[in-house]
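# Summary of the model geometry
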Amino acid sequence: MACLLRRTIAAKLSRTLQQPEELLLPALSAVPVFRKQQTPDFKLALSVLRLNGSLPTTGDIQLQTEDLTRQLKPDNVIEDISAGSGAINFTINRKFLIQKLLEPFGNSDATFGLNSELLNTLNRGTTLVEYSSPNIAKKFHAGHLRSTIIGNFIANLKQALGNKVIRMNYLGDWGMQFGLLGAGFTQFGSYSKLKDNPLQHLFEVYVQVNREAEHNDNLRQEARDFFRKLEEHDTEAMSLWQRFRDITVEEYQHVYKRLGVYFDVYSGESLHQSQAQEVVEQLQSRGLLKTTEKGTGVVDLSISGDMSNVCTVLRSDGTTLYITRDIAAAIDRKDRYKFTEMIYVTDKSQANHFQQLFQVLSGLGHPWAESCRHVPFGLVKGMKTRTGEVVFLEDVLDEARTRMLHNMSQSKTTKELEDPEDTAEKVGLSALIVQDFKGPLHSDYSFDWDRILQAQGDTGVFLQYTHARLCSLLQKNEDLEAAHFDPSLLNEPSAISIVQHLLRYDEVLHQSSQDLQPKHLVNFLLKLCHLTASAHRELPVKGSPAEVAKARRRLFKGSCSVLANGIKLLGITPVQKM
Ligand code: ARG
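Heads up: these notes are all about the structure in this document.

It is worth spelling out the packing of aromatic side chains at this point. A complete count under the given rule lists 19 aromatic pairs for this structure. Where Phe185 meets Tyr191, the ring centres are 5.2 Å apart and the plane angle is 75°; that geometry is what we call edge-to-face. Aromatic side chains Tyr252 and Tyr256 sit 5.6 Å apart centroid to centroid with 25° between the ring planes, which places their arrangement in the stacked category. A residue pair is termed a helical-turn pair when its members lie 3 or 4 positions apart in one helix, as Tyr252 and Tyr256 do in helix H12 (residues 235-259) at 4 residues. Each member of the pair, Tyr252 as well as Tyr256, carries the same accessibility label: buried. Taken together, the ring pairs in this structure connect Tyr131, Phe140, Tyr252, Tyr256, Phe263 and Tyr266 into an aromatic cluster. Taking the ring centre of Tyr170 as reference, the NZ or CZ of Arg333 above it sits at 5.0 Å.

Moving on to the sheet that holds strand E4 (residues 87-92). An order of E1-E2-E4-E3 is seen for the 4 strands of this open sheet, with the pairing classed as antiparallel. Strands at the two margins of the open sheet, each flanked by one partner only, are strand E1 (28-30) and strand E3 (78-83). Recorded for the sheet is a direction-independent mean angle of 25° between the axes of neighbouring strands. Lying on the sheet, helix H4 (residues 61-71) is in contact with E3 and E4; it crosses E3 at an angle near 155°.

What follows concerns the sheet that holds strand E12 (residues 372-377). As summarised here, the arrangement of the 5 strands in space is E7-E6-E5-E11-E12, forming an open sheet in which the pairing is parallel. In the strand order of this sheet, the two ends are held by strand E7 (265-268) and E12, each with one partner. Averaged over all neighbouring strand pairs, the angle between strand axes comes to 25°, with direction disregarded. Contacts from helix H14 (residues 322-337) reach strand E5 (126-130), strand E6 (164-171), E7 and strand E11 (341-347), with the element oriented near 150° to E6.

Here we come to the pattern of salt bridges. On inspection of all chains with the given rule, the structure shows 32 salt bridges. The partner of Lys550 in a salt bridge is Glu547, with the nearest N and O atoms 3.3 Å apart. With Lys550 and Glu547 both in helix H23 (residues 546-570), this residue pair falls 3 residues apart, about one helical turn. Among the charged side chains, a salt-bridge network with shared partners connects Arg258, Glu394, Asp398, Arg401 and Glu425.

This part covers the pairing of E4. Burial runs high along E4: 6 of the 6 residues are buried. Here E4 shows two buried faces, one formed by Ala87, Asn89 and Thr91 and the other by Ile88, Phe90 and Ile92. Sheet analysis places strand E2 (residues 42-45) next to E4, joined by 4 bridges and oriented antiparallel. Bridging across to E4, Lys43 finds its partner in Asn89. Two strands pair when backbone bridges link them, and E3 and E4 are joined in this way by 5 bridges, in the antiparallel orientation. Paired with Ile81 across the two strands is Phe90, which belongs to E4. The loop that links E3 with its antiparallel partner E4 comprises 3 residues; one of these, Gly86, has a positive phi angle of about 70°.

What counts as what
- Residues numbered from 1 in each chain as written.
- Predicted model: local features only at pLDDT ≥ 70, side-chain atom pairs only at ≥ 80, totals over all residues.
- Heavy atoms only, no water.
- Phe/Tyr/Trp six-rings, centres within 6.5 Å; stacked < 30°, edge-to-face > 60°.
- Helix = DSSP H or I, 4+ residues; strand = E, 2+ residues; numbered from the N terminus.
- Buried < 20%, exposed > 50% of the residue type's maximum accessible area, 1.4 Å probe, protein only.
- Lys NZ or Arg CZ within 6 Å of the ring centre and 35° of its normal.
- Pairing = 2+ DSSP bridges.
- Axes fitted to C-alpha atoms, helices over the stretch in contact; angles between N-to-C directions.
- Contact = heavy atoms within 4.5 Å.
- Salt bridge = Lys/Arg side-chain N within 4 Å of Asp/Glu carboxyl O.

Geometry only, nothing functional implied.
Here's what the structure looks like:
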């Protein structure tokens with residue numbers, strides 16, 4: 001395993017440098033593989049050792065590198081040690097490297113890389129991830145879709161790394177829109193339509209009542225009345241609201257299931273109205289609440305105290321706002337779940353909102369505000385379905401499935417499938433997800449169905465295709481499955497490249513766990529697919545001498561299993577056939 005190899009190198013260095021292994025490990029990393037070029041396996045960055053005090057910071061770094069390289073002598077395991085630029089390169093004995101790395105795949109190993117030294121250095125605890133969080137009766141836009149899949153990835157990753165994870169959906173289920181919806185439903189609503197197609201019907205009513213309210217004073221008054229009734233917990237008003245909420249959650253659960261996403265908790269703004277009032281009182285008693293000329297209640301967050309950056313927590317009519325409920329919700333979650341960290345996933349337009357939220361929490365004397373984090377992402381431009389702009393999540397999923405099904409029917413390589421619709425759904429979804437995860441989350445991108453569904457190129461379809469191909473290869477050669485294999489029979493560059501690439505898996509997960517960006521993993525997996533495609537061409541299993549075939553099968557097993565594990569972390573279900 002990668003970790004074992006890192007340990008071996010660290011132990012050697014530790015003796016020469018007279019420094020504990022723990023300090024040396026962070027400076028060691030697997031060398032990225034380049035096509036058609038031999039590379040060492042690991043490198044030790046001297047800059048890191050200088051920073052953590054393991055090496056003197058004076059003198060020329062290159063001379064230091066060469067000097068240290070000379071002091072380290074190769075042995076049976078580390079065969080070659082050479083000086084690179086500012087780094088020492090290590091090459092592991094080929095047979096040993098391949099043996100250690102592919103050993104775990106003798107049985108199906110879903111934990112490959114997860115128990116590494118590197119990942120064991122991470123703190124574990126309870127992670128609360130809040131994502132998706134659509135608004136009842138409003139559009140489920142591309143931003144909600146992004147939040148859903150990104151949050152799901154973060155939750156999967158944190159869980160795989162040994163944390164207890166709470167997956168939370170924070171519904172937009174309170175506010176003036178429910179006044180409008182309540183008033184509107186009495187006029188334009190129908191219970192039977194609500195039953196047949198709840199999300200659609202609620203949205204229609206909402207659109208209609210908004211249009212009507214523009215020129216209808218009575219309706220606006222009715223809406224205000226209805227919302228006041230809700231705030232006063234009037235039984236009749238509440239029961240209608242509850243009904244809207246229940247069927248919405250039920251519908252969403254159904255669609256999330258198609259996406260492979262689930263939540264432990266369906267929370268929402270409505271749950272924190274009274275606590276929000278308490279928050280206002282706390283702010284007041286701490287002297288943090290200021291009243292503006294307009295009569296609104298604000299917290300001054302400016303450094304100089306000149307009200308140049310304020311957070312409004314109270315309207316002039318005494319009602320609370322989105323942020324006030326967020327403050328209350330955060331405190332409630334800390335009490336309830338005792339999280340070690342909390343992660344919010346929304347588009348970047350809310351970055352300021354979350355910054356203010358964390359600042360107010362600190363101001364209220366909650367040091368754990370430091371362990372809250374906002375993961376912002378950019379806009380998706382031009383995501384459309386046959387029916388036009390995205391309004392419902394289900395439409396996007398249907399569109400992905402239909403288009404993929406069409407592409408599959410055109411392809412000559414499509415196999416006889418038991419359930420082509422299901423395969424198309426899974427592959428279509430992976431196309432959506434990979435496109436979304438490839439770049440930095442912060443960037444905006446333009447959506448293009450044709451591009452994301454290409455079978456060639458760096459797409460989710462390519463990931464699935466490679467996985468399915470590997471599955472079929474393994475299956476066809478099931479008789480070669482064996483506990484032992486001869487690593488010396490895997491000496492071709494394309495085999496070594498895969499092995500070297502797998503050495504990086506835990507580093508990639510580590511990197512993602514730090515910046516919460518899925519791109520490291522996506523790009524790692526895409527590269528694994530490219531390397532696998534070359535190996536597939538160059539290293540036939542069928543028709544090779546039995547021992548060679550056995551060793552090659554083991555190589556492909558390793559690649560298939562890491563591919564499957566990685567794909568699952570991304571929130572994609574790998575397909576066996578396509
Ligand atoms: N419902 C909000 C929206 O659609 C997102 C909620 C984000 N989470 C939060 N705790 N404020 O914009």
